[in-house]
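Fold and geometry: a report
Residue strings, one per chain:
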Amino acid sequence: MSEWWTYTLSDFLLFSPRTYHRLFELYNADIWPAQIVTLALGVAALGLLRYPRAGQGRIVAAILAGCWLWVAWAFHWRNYATINWAAIYFAGAFVLEALFFIVIGVVRSALAFESPSAAPYRIGCAVILFALIVQPLVGPLLGRGWTQVEVFGAAPDPTAVATLGLLLTARGRTSWMLWTIPVLWCVLSGAVLWTMESPDAFVMPAAALLAVAIGWSAKHRTG
Amino acid sequence: MDRSNPSGVVGSRATRCDRRGFLRALTALSAGTLGLPSLGADPAKPFLSRPIPSSGEALPIVGLGSWITFNVGNDRVARDACAEVMRNFLDTGGRMIDSSPMYGSSQEVIGYGLAKLGGPPRFFSADKVWISSGASGRAQIAKSRERWNVSRFDLVAVHNLLSWQEHLPTLFAMKSAGEVRYVGVTTSEGRRHEEIETIMRRHPLDFIQVSYSAVERDVEARILPLARDRGIAVVINRPFREGALIRAMKRHPLPSWASEADCANWAEFLLKFIVSHPAVTCAIPATTRVDHVRENMGACYGRLPDEPMRRRMSAYVEQM
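Residues numbered from 1 in each chain as written. Chains lettered and ligands numbered in written order. Predicted model: local features only at pLDDT ≥ 70, side-chain atom pairs only at ≥ 80, totals over all residues.

1. Thoughts on the overall build of chain A
For chain A, the count of helices and strands is 8 helices and 0 strands. Ordered by position from the N terminus, the helices and strands of chain A form the series α-α-α-α-α-α-α-α. For chain A, the C-alpha atoms occupy an extent of roughly 45 × 45 × 30 Å along the three principal directions. Split into buried and exposed, the 223 residues of chain A put 42% on the buried side. (Helix = DSSP H or I, 4+ residues; strand = E, 2+ residues; numbered from the N terminus. Buried ≥ 20, exposed ≤ 12 C-beta atoms within 10 Å, placed from the backbone.)

2. Brief notes about the packing of helix H7 (residues 193-202) of chain B against helix H8 (residues 223-230) of chain B
Residue and element names in this part refer to chain B. Where H7 meets H8, the closest approach of the two axes is 11 Å, and the angle between their N-to-C directions is 5°. What the angle tells us is that H7 and H8 run roughly parallel. Where H7 abuts H8, its residues His193, Ile196, Glu197 and Met200 lie against Ile223, Leu226, Ala227 and Arg230. Here the contact of H7 with H8 is composed, by residue class, of 5 nonpolar, 1 polar and 2 charged. (Axes fitted to C-alpha atoms, helices over the stretch in contact; angles between N-to-C directions. Parallel < 35°, antiparallel > 145°, perpendicular 65-115°, else oblique. Contact = placed C-beta atoms within 7 Å. Nonpolar A, V, L, I, M, F, W, Y, C, P; charged D, E, K, R; others polar.)

3. A few points about the nonpolar core
Of all hydrophobic cores here, the largest spans 149 residues; its most connected members are Val234(B) and Leu270(B). Ranked by the residues each element gives to this core, the list is headed by helix H3 (residues 56-77) of chain A, at 11 residues. Aside from chain neighbours lying at most four places away, what touches Leu270(B) is Ser213(B), Ala214(B), Pro239(B), Phe240(B), Leu245(B), Ile246(B) and Met249(B). (Core = buried A, V, L, I, M, F, W, Y, C linked by C-beta atoms within 7 Å.)

4. Examining helix H4 (residues 87-107) of chain A
All names here are of chain A. Here H4 spans 28 Å end to end across 21 residues, near enough to the 30 Å set by a 1.5 Å rise per residue. Listed as buried for H4 are Ala87, Phe90, Ala91, Phe94, Glu97, Ala98, Phe100, Phe101 and Gly105. Turning to H4, the residues buried within the fold contact H3 and helix H7 (176-195). Of the residues flanking the end of H4, it is Ser109, one or two places downstream, whose phi is positive at about 50°. (Expected span 1.5 Å × (residues − 1).)

5. Let's talk about the interface of chain A and chain B
Facing the 14 residues of chain A at the interface are 13 residues of chain B. Within the side of chain A that touches chain B, the residues separate by chemical class into 6 nonpolar, 6 polar and 2 charged.

6. Thoughts on the pairing of strand S5 (residues 153-158) of chain B
All names here are of chain B. Where burial is concerned, most of S5 is hidden: 6 out of the 6 residues are buried. Relative to S5, strand S4 (residues 124-129) runs parallel, the two being bridged by 4 bridges. When the sheet's bridge partners are listed, Asp127 is paired in S5 with Val156. Once you follow S4 into helix H5 (residues 137-148) and on to S5, the crossover reads as right-handed. Relative to strand S6 (residues 180-186), S5 is paired through 5 bridges, and the arrangement is parallel. Paired with Leu155 across the two strands is Tyr182, which belongs to S6. Crossover S5 to S6 through helix H6 (residues 164-176) is right-handed. (Pairing = 2+ DSSP bridges. Right-handed = clockwise from strand over helix to strand, strands pointing away.)

7. A closer look at the environment of Ala207(A)
Residue and element names in this part refer to chain A. Position of Ala207 among the secondary structure elements: in helix H8 (residues 203-222). The class of Ala207 is buried, set by 26 C-beta atoms lying within 10 Å. Along the backbone, Ala207 and Ala155 are 52 residues apart, and their C-alpha atoms lie at a distance of 16 Å. If we ignore the near neighbours within four places in the chain, the residues touching Ala207 are Val127, Val161, Leu164 and Cys186.

8. Description of the packing of helix H3 (residues 76-91) of chain B against helix H4 (residues 106-116) of chain B
All names here are of chain B. For the pair H3 and H4, interaxial distance at closest approach is 9 Å and the crossing angle is 65°. As for how H3 packs across H4, the hand of that crossing is right-handed. From H3, Arg79, Cys82, Ala83 and Met86 reach across to H4, where they touch Val109, Tyr112, Gly113 and Lys116. Looking at the contact of H3 with H4 residue by residue, the classes come out as 5 nonpolar, 1 polar and 2 charged. (Left-handed = near helix turned anticlockwise from the far one by under 90°.)

9. Brief notes about the sheet that holds strand S3 (residues 96-98) of chain B
Taken together, 7 strands build an open sheet; the order of strands is S3-S4-S5-S6-S7-S8-S9 (chain B) and the sheet is parallel. Lying at the two open borders of the sheet, with one neighbouring strand each, are S3 and strand S9 (282-283) of chain B.

10. Things to note about unusual backbone geometry
The peptide bond linking Trp32(A) to Pro33(A) adopts the cis configuration, its omega dihedral lying at 5°. Along the polypeptide, Pro33(A) turns up in the loop between helix H1 (17-31) and helix H2 (34-50). The residue Glu242(B) is not glycine, and still its phi comes out positive at about 55°. Note on placement: Glu242(B) falls in the loop between strand S8 (233-237) and helix H9 (244-249).

Printed below as a string of structure tokens:
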């Protein structure tokens, strides 16, 4: 791309804010009541962190993998791609994240979690709670319809934020592979919302920044 | 056709007349070329069109863009709204509808609208080729035709000059074979003007598409004069700077002297500034609203500003 410095983010925005938010409305209607299932899976993952049991890491990883796969197919591939040709690449990235969880968390069983007294664990749980409960309310609080709500496991934003929260609760060093795609998605989604002059554009980058900063700090403390 | 004088009668008269006379001649010629459409068909306010220099075919001076506005995916309600915009555009005499494979679902939405309107006969289909691989250009154009559901495009241009060295030979071959009527190149936001100049000088283009508005006038210096010299039609994209310009101007009152150019609203004011440049063939504002498309089409009626008035318009907009 020549004269790349003359391009702004708005040059890459292919749709209007109205079309973008309406996409969620149509998507929610299309997949209903799958949102209840995905939200329940998120609550179950949080419950497993609080009340550990055998195979905890494998089950949580499987839940996350399932949600990333669902968002890749149902949201990006079938819906977002109708207004954004780049969404097929987003779908690929989400599938890759699901594969990382399957390989690292399910096959290798390399996902274990901190004790509930550890600060990163508590912050991680708070981030997951934010993604499950608070983040879906942001749109309606800003005047968007309830039908356009973005739910964990069904929409990409709360899924990425909850994943970052879960990675904060993980013990020891988690693979950078699990972090990269959720962080990149937070940046990308924030950029899209910022370009659309949406007041909640800061939420995703802020969540990513918080998670990376705390994760980095915890990693250095544990050596 | 002699490309040094591609406008035929209009071009030759322009060499003898001042600019105001040239514009009057254009207006008169265009009003006679096209029948008056239904909206505001007032003989005192002629419907304005411009000839495509390479053929003499008349095009209304306002077309319809589809960037962002028609990319509504599978949303049936929004698709129907776009079809209504198209219906009003065509009913008020509009012809050129512009899209690109880069615009998400816009091509399919145009195809949906055309089917819903029963395949209107008098529209002018303008699309683009936008792919790095020159070998894939034909296949992409065929796919675009499928989406529009048209047998051939009137105009295919190389979008943002992407791989133009490879696509232009293909497009000229398609034109020779009657698979497309006109060939062009596009750019936007003032980018790659030196390169587009080079292409304009070396290749027998029918059209170029560039950005131009009362506050973005780079093309006046070299591109537009060159287009006149070379007999190349000029389509203006982003005339309202994706709506930002007209939103800004609507906060201010329309000056009383705007009526001297038959401008009843800001859309007409901003569009008439653009299309009154003698090298411009048409502008292609995009919208999702029927009231806006009707406002835009209002610029096809009445008098166009002369050069002093154009300077006044530009200064006023800059000042605001």
